[in-house]
Amino acid sequence: MATRVVVDPVTRIEGHLRVEAVVENGVITDAYSAGTMVRGLEKILIGRDPRDAWAITERVCGVCTTVHALASVRSVEDALGVNVPPTAELIRNIMLTTQYVQDHVIHFYHLHALDWVDIVNPLKADPKKASELAQSFSQWDKNTPAYFTQVQDKIKAFAASGLGIFANGYWGHPAYKLPPEVNLIGVAHYLDALEWQKEVVKIHAVFGGKNPHPNYLVGGAPCSINTNEVAAINMERLNLVSQLIGQADEFVNQVYIPDLLAVASFYKDWANYGGGLHNYLCYGEFPTKGFAHPEAFKYARGAVLNRDLSTVYPVNPRDSQEIKEYIAHSWYDYSEGDQAGLHPWAGETNIHYMGPKPPFETLEGYNKYSFLKTPRWKDNAMEVGPLARLIVSYASGRADVKEVVDSTLAKLGVPVGALFSTLGRTAARGLDAALAMIWLKEFYGDLMERVKINEVSTFNGEKWEPKTWPVDAEGVGLVEAPRGSLAHWIKIHDGAIANYQLVVPTTWNGSPRDGKQQRSSFEASLIGTPVAKIEEPVEIIRTIHSFDPCLACAVHLYDPQGRHLHQISFE
Amino acid sequence: MGGTIWQSMEQKGYSRREFLQFCAVAAAAAGLGKSAMAQVAEAFEKKEKPAVVWMHFQECTCCSESFIRSSHPIVADALLDVLSLNYTETLMAASGFQAEKSLSDTIANNKGKYIVLVEGAVPLKDEGVYCMVGGKTAEQILQTVARDAAAIVAWGSCASNGCVQAARPNPTGATPIAKLVSKPVINVPGCPPIADVMMGVVTHLLVLGEMPALDDQGRPKEFYGRRVHDTCYRRPNYDAGLFVEAWDDENARKGYCLYKMGCRGPVTYNACSVTKWNDGTSYPIQSGHGCIGCSEAGFWDNGPLYQHLASFPGFGVESTADTVGTVVGVATLAGVAAHAVVTNIRKHQVIAEVHTEDEKES
């Protein structure tokens, strides 16, 4: 018998996501992923100064803060032909790698860990054993018996006064398999990570003034460097960044990665579920010789199809035949009908809600069921995110990526194929953070080298004034955000935004199926997953969380006039 | 939710002395003087951990992200010891049915005693279908949770004034919370608000058990009583007529005033230049970019970010100086250049100006 399991709200994500899964004989046989919030930022961007777009689009998402700002300034710089000074590029790289590290740690501990770690179970743990275990795989100096005793007492007192944010979790569910000591380590480090994450983002505050939502600037970075001035980025500021990087390095390599591997070793069965699509897309990231030279990016640009690592296909976001968006199952209309696919340049955004009148119980029976459009690359459904980044760079032969991936697979004693799963996706995020950590240190070192020789220019003002712009210009800004491939397309006319479009990671991963009934990542990855207790579908949550969904980003925007100029979608 | 805050801290092994120190930190965060210590301690000792629910509507979750950046108290201590956060879609363990149960149980068991924190605006257009959670519209949910709330806090500019989705032409009819509920709402604007300000507002409510004093826009005077400009460390440069003229120019590298680069500090009421961001690390102006005015209602429609304020209130008094013949091409720039000349004349007028400036702004 088929049962339709509805999870809404899906929590511990950004935004408003609803999942309806069909479970037959204890296994998921079909799934529907629905974005249920839209804000209409596209209409708001039209007619504004392109130099302001970073601030507006940054507000698409406060969890993936900075990434839309970066995509936006890159799109304007691409349109106007602006080369950013190398020092500004390094500051941007430092900010983005910082974002990777912070975002992935938060995801692991605060958004994903409770799917694997039982928060109540540590009460049964022996703190001394927990300490011995933790010390066996980590040098973190807090992992003492006294520390774990203290955390256990904290949980005890907390549980006695109600569980607050931990209430009504699936505690005691048979799918939770960690021994009490590992659960205790997990909860302790959940609290440590919560305290640490506020530190590392001070790097954003140094260069961008605040976090969330630090400031960016078309043409460079807004902060000036002057080692002979107190009111600029000087040695005190750079020392602070250096210290924060050191702390982050310790947290990632002595806490996050060891915990990830420890938890993963108890859930190897999850290397069999949640693989989903067989296609992976990555725009490439971390320029080292300017944004116009993707061959010198740390992560390679390209696409892998059918999990065939022998071929990496080139990706061109300007080609009208490559990236297209469909609305066969989305709450929109196209003038050419529901089966048409449109490149973002030619996109239409004509919202048409056709779901049930709220309040409603289910979207079953509704052909259209989401505010997300459905992007495709050469008509292929693609997975984006840390796993896709690793796979594309691995297949491209990037040595540093290969080394990190191979050594981790060896530690876990699993083959490369294990990557194509819920467990693999969660592990890939950890490796993505570890690589970002290596590169963050490298970028900081490079920045200091430039400071030493006083090459500190952070801004290229050649095209700052709108009078220097052509009447018409168009550009694309690509970013590998923590959650995956993000692109902003801009058209400028007479100094104002004529068209602005975004196709973002969770639109790729969380969209409804296309007109050919090809599922996107969320839906595809749920098929075949067992669900032990349909009233407590922790298995659904595990796989959906492995993508780190971000729905505020993922939803397309609204043009009440139905003009054919603009469309937008968000990570 | 049994146990007072002192009991829960005692169970954690805190000494009485440490508890009083914690109260001092909470009092500082809430803007209290040391004389209020006794009152704070008494409140902490007597009160149960209050039930709090955090709603998410049309937002980007930057408010939640900011909240967890709090440094005093750190958020883990707040969540474990100060309040009982029973519903927040960003952090709560439960999903779906179990999440909704956490919300409905909290409302049912704490009628008139729970606090509602709202992140996000509520879209009213087309019967509210542009934001739905659990098959219900944001407005349906808001009315349900607000009915029996003891207090409602609107986090950030979305909930306080609509923010980005309410910028022209406000396609989904995004509406601030205060316009939708019949109870007083504490507006804590900003995109996002400063973490330690958020914690300051929460602890003010919980520790003192009273609404903070609010201005006419429902903002706590404690944090929104002064303009960024008036407390900015670069203000002396403004007064001396020393301005950044272009990004990363020599003046930028000396940390001069960013007014000409579009800084909205002069028309923005917020704590940025005093409390600063991320545990006091910096604030936008300190890091070289002007204030974009993110805590002011309608700031997205207050002209392009990099166009400096032609209508900057307060320049009225210098209009005579403008006509005296400062040779500058653009009238608004003349205002800036002339400002330094007349600064001394106007200083004694500052207090009176605040009111007339407010009128001009509106």
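Residues numbered from 1 in each chain as written. Chains lettered and ligands numbered in written order. Predicted model: local features only at pLDDT ≥ 70, side-chain atom pairs only at ≥ 80, totals over all residues.

### Notes on the overall build of chain B
Link 1 in the chain: Within chain B, the secondary structure is distributed over 16 helices and nine strands.
Link 2 in the chain: Taken across its 362 residues, chain B has 56% of its residues classed as buried.
Link 3 in the chain: Long-range pairs, those at least 24 residues apart, make up 70% of the contacts in chain B between residues at least 6 apart in sequence. (Helix = DSSP H or I, 4+ residues; strand = E, 2+ residues; numbered from the N terminus. Buried ≥ 20, exposed ≤ 12 C-beta atoms within 10 Å, placed from the backbone. Contact = placed C-beta atoms within 7 Å.)

### So, the overall build of chain A
Link 1 in the chain: Counting its regular elements, chain A contains 16 helices and 13 strands.
Link 2 in the chain: The C-alpha radius of gyration of chain A comes to 23 Å, within 12% of the 25 Å expected for a compact globule of 571 residues.
Link 3 in the chain: Counting only C-alpha atoms and orienting by the principal axes, one finds that chain A spans roughly 70 × 65 × 50 Å.
Link 4 in the chain: Among the 571 residues that make up chain A, the fraction classed as buried is 64%. (Rg over C-alpha atoms; globule rule 2.2 N^0.38 Å.)

### Focus: helix α11 (residues 399-412) of chain A
All names here are of chain A.
Link 1 in the chain: Between its terminal C-alpha atoms α11 stretches 20 Å, which fits the 20 Å expected from 14 residues at 1.5 Å a residue.
Link 2 in the chain: Within α11 the residues assigned to the buried category are Val-401, Val-404, Val-405 and Thr-408. Looking straight down α11, one finds its buried side chains confined to an arc of 95 degrees; they lie on one side. The outward face of α11, more than 90 degrees from its buried face, is lined by the exposed residues Ala-399, Glu-403, Asp-406, Ser-407 and Ala-410. (Expected span 1.5 Å × (residues − 1). Arc of directions from axis to C-beta.)

### Some details on the interface of chain A and chain B
Interfaces are often sized by the amount of accessible area the parts lose when they come together.
Link 1 in the chain: Taken together, the contact pairs 83 residues of chain A with 83 residues of chain B.
Link 2 in the chain: Among the elements of the structure, β1 (2-7), α1 (41-45), α2 (53-58), α6 (145-160), α7 (180-200) and α8 (202-208) of chain A are those that each provide at least two residues to the side of chain A that touches chain B.
Link 3 in the chain: Taken together, the residues of the side of chain A that touches chain B break down into 42 nonpolar, 24 polar and 17 charged. (Nonpolar A, V, L, I, M, F, W, Y, C, P; charged D, E, K, R; others polar.)

### Describing the sheet that holds strand β12 (residues 484-493) of chain A
Residue and element names in this part refer to chain A.
Link 1 in the chain: Read across the sheet, three strands follow the order β11-β12-β13 without closing on themselves; strand pairing throughout is antiparallel. Single-partner strands in this sheet number two, and they are β11 (472-481) and β13 (496-503). Put simply, the sheet's adjacent strands are angled 15 degrees from each other on average, direction ignored.
Link 2 in the chain: Those strands touched by helix α3 (residues 67-80) are β11 and β12, and its axis lies near 145 degrees from that of β11. (Pairing = 2+ DSSP bridges. Axes fitted to C-alpha atoms, helices over the stretch in contact; angles between N-to-C directions.)

### Topic: the sheet that holds strand β6 (residues 323-326) of chain A
All names here are of chain A.
Link 1 in the chain: The three strands lie next to each other as β8-β6-β10, forming an open sheet whose pairing is antiparallel. Across the chains shown, the open sheet's two edge strands, defined by having one partner strand only, are β8 (341-342) and β10 (374-377).
Link 2 in the chain: Relative to β10, β6 runs antiparallel, the two being bridged by four bridges. The partner of Ile-323 across the bridge, within β10, is Trp-377.

### Examining the nonpolar core
Link 1 in the chain: Ranked by internal contacts, the top residues of the largest apolar core, which has 289 residues, are Val-101 of chain A together with Val-116, Val-118, Val-153 and Ala-154 of chain B.
Link 2 in the chain: When residues of this core are assigned to their parent elements, the largest contribution, 14 residues, is made by helix α12 (residues 422-452) of chain A.
Link 3 in the chain: Taken domain by domain, this core gets at least three of its residues from each of domain 1 (5-223) and domain 2 (226-337) of chain B.
Link 4 in the chain: Among residues more than four places away in sequence, those in contact with Val-153 of chain B are Ile-115, Leu-117, Val-118, Ile-186, Val-188 and Val-201 of chain B. (Core = buried A, V, L, I, M, F, W, Y, C linked by C-beta atoms within 7 Å. Domains from an automatic or database assignment.)

### Some remarks on the domain arrangement of chain B
Residue and element names in this part refer to chain B.
Link 1 in the chain: Splitting chain B by domain gives domain 1 (5-223) and domain 2 (226-337).
Link 2 in the chain: Domain 1 puts 15 residues into the contact, and the matching count from domain 2 is 13 residues.
Link 3 in the chain: Listed by contribution, the elements that provide at least two residues to the side of domain 1 that touches domain 2 are α8 (156-161) and α9 (195-208).
Link 4 in the chain: Here the residues of the side of domain 1 that touches domain 2 are counted per class, giving seven nonpolar, five polar and three charged.

### Focus: the confidence of the model for chain B
Predicted coordinates in areas of low pLDDT are best not read in detail.
Residue and element names in this part refer to chain B.
Link 1 in the chain: For chain B, per-residue confidence averages 81 on the pLDDT scale, and residues scoring 70 or more make up 72% of the total.
Link 2 in the chain: Across residues 28-41, where pLDDT falls below 50, the model places 24 contacts with residues more than four positions away in sequence or in other chains.
Link 3 in the chain: Note on residues 311-362: pLDDT under 50 across the span, and 41 contacts to partners over four residues away in sequence or across chains.
Link 4 in the chain: Confidence estimates for the predicted assembly give a pTM of 0.89 and an ipTM of 0.94. (pLDDT = per-residue confidence, 0-100.)

### Digging into unusual backbone geometry
Link 1 in the chain: Of note, the bond from His-72 of chain B into Pro-73 of chain B is cis; its omega dihedral lies within 30 degrees of zero at -5 degrees.
Link 2 in the chain: With respect to the secondary-structure elements, Pro-73 of chain B resides in the loop between α4 (62-67) and α5 (75-82).
Link 3 in the chain: Looking along the chain, the bond that leaves Arg-168 of chain B and enters Pro-169 of chain B is cis, with omega of 5 degrees.
Link 4 in the chain: Residue placement: Pro-169 of chain B occurs in the loop between α8 and β8 (174-175).
Link 5 in the chain: Of note in this structure, Asn-168 of chain A is not a glycine but carries a positive phi near 60 degrees.
Link 6 in the chain: By secondary structure assignment, the location of Asn-168 of chain A is in the loop between α6 and α7.
Link 7 in the chain: Taking the C-beta count within 10 Å as the criterion, Asn-168 of chain A has 20 such neighbours and is therefore assigned buried.
Link 8 in the chain: The phi dihedral of Gln-517 of chain A falls on the positive side, at around 65 degrees, and the residue is not glycine.
Link 9 in the chain: Within the fold, Gln-517 of chain A resides in the loop between α13 (505-510) and α14 (521-526).

### Digging into the packing of helix α4 (residues 86-112) of chain A against helix α9 (residues 235-265) of chain A
Residues and elements named next belong to chain A.
Link 1 in the chain: Relative to each other, α4 and α9 sit at 35 degrees, their axes nearing to 11 Å. By crossing handedness, the relation of α4 to α9 is classed as left-handed. Residue-level inspection shows Val-101, Val-105 and Phe-108 of α4 in contact with α9, the latter providing Ala-248, Phe-251, Val-252, Tyr-256 and Leu-260.
Link 2 in the chain: Broken down by class, the residue content of the contact of α4 with α9 amounts to eight nonpolar, no polar and no charged. (Left-handed = near helix turned anticlockwise from the far one by under 90°.)

### Observations regarding helix α5 (residues 127-137) of chain A
All names here are of chain A.
Link 1 in the chain: Of all the positions in α5, only Pro-127, Ala-130, Ser-131, Leu-133 and Ala-134 are classed as buried. The arc that holds every buried residue of α5, seen down its axis, measures 165 degrees, which confines them to one face.
Link 2 in the chain: Where the residues of α5 are buried, they touch α6 and α7.

### Details of the packing of α4 of chain A against α12 of chain A
Residue and element names in this part refer to chain A.
Link 1 in the chain: Packing of α4 against α12 brings their axes to within 8 Å, and their N-to-C directions diverge by 150 degrees. If you check the angle between α4 and α12, you find them roughly antiparallel. Here the hand of the crossing between α4 and α12 comes out left-handed.
Link 2 in the chain: Residue composition of the contact of α4 with α12, by class: 16 nonpolar, nine polar and four charged. (Parallel < 35°, antiparallel > 145°, perpendicular 65-115°, else oblique.)

### Regarding the confidence of the model for chain A
Link 1 in the chain: Mean pLDDT over chain A works out to 93, with 97% of the residues at or above the 70 mark.
Link 2 in the chain: In this model, residues 556-571 of chain A is a region of pLDDT below 50 whose contacts with residues beyond four sequence positions or in other chains number 79 contacts.

### Description of the pairing of strand β2 (residues 17-24) of chain A
Residues and elements named next belong to chain A.
Link 1 in the chain: Of all the eight residues making up β2, six are buried; the element is thus mostly covered by neighbouring parts of the structure.
Link 2 in the chain: The pairing of β1 with β2 spans six bridges and is classified as antiparallel. Pairing of Arg-4 across the sheet is with Val-22, part of β2.
Link 3 in the chain: Here β2 pairs with strand β3 (residues 27-35) via eight bridges, running antiparallel. Opposite Val-19, over in β3, you have Ser-33 as the bridge partner.
Link 4 in the chain: The antiparallel pairing of β2 with β3 creates a hairpin that spans two residues between the two strands, and Asn-25 there sits at a positive phi of about 50 degrees.

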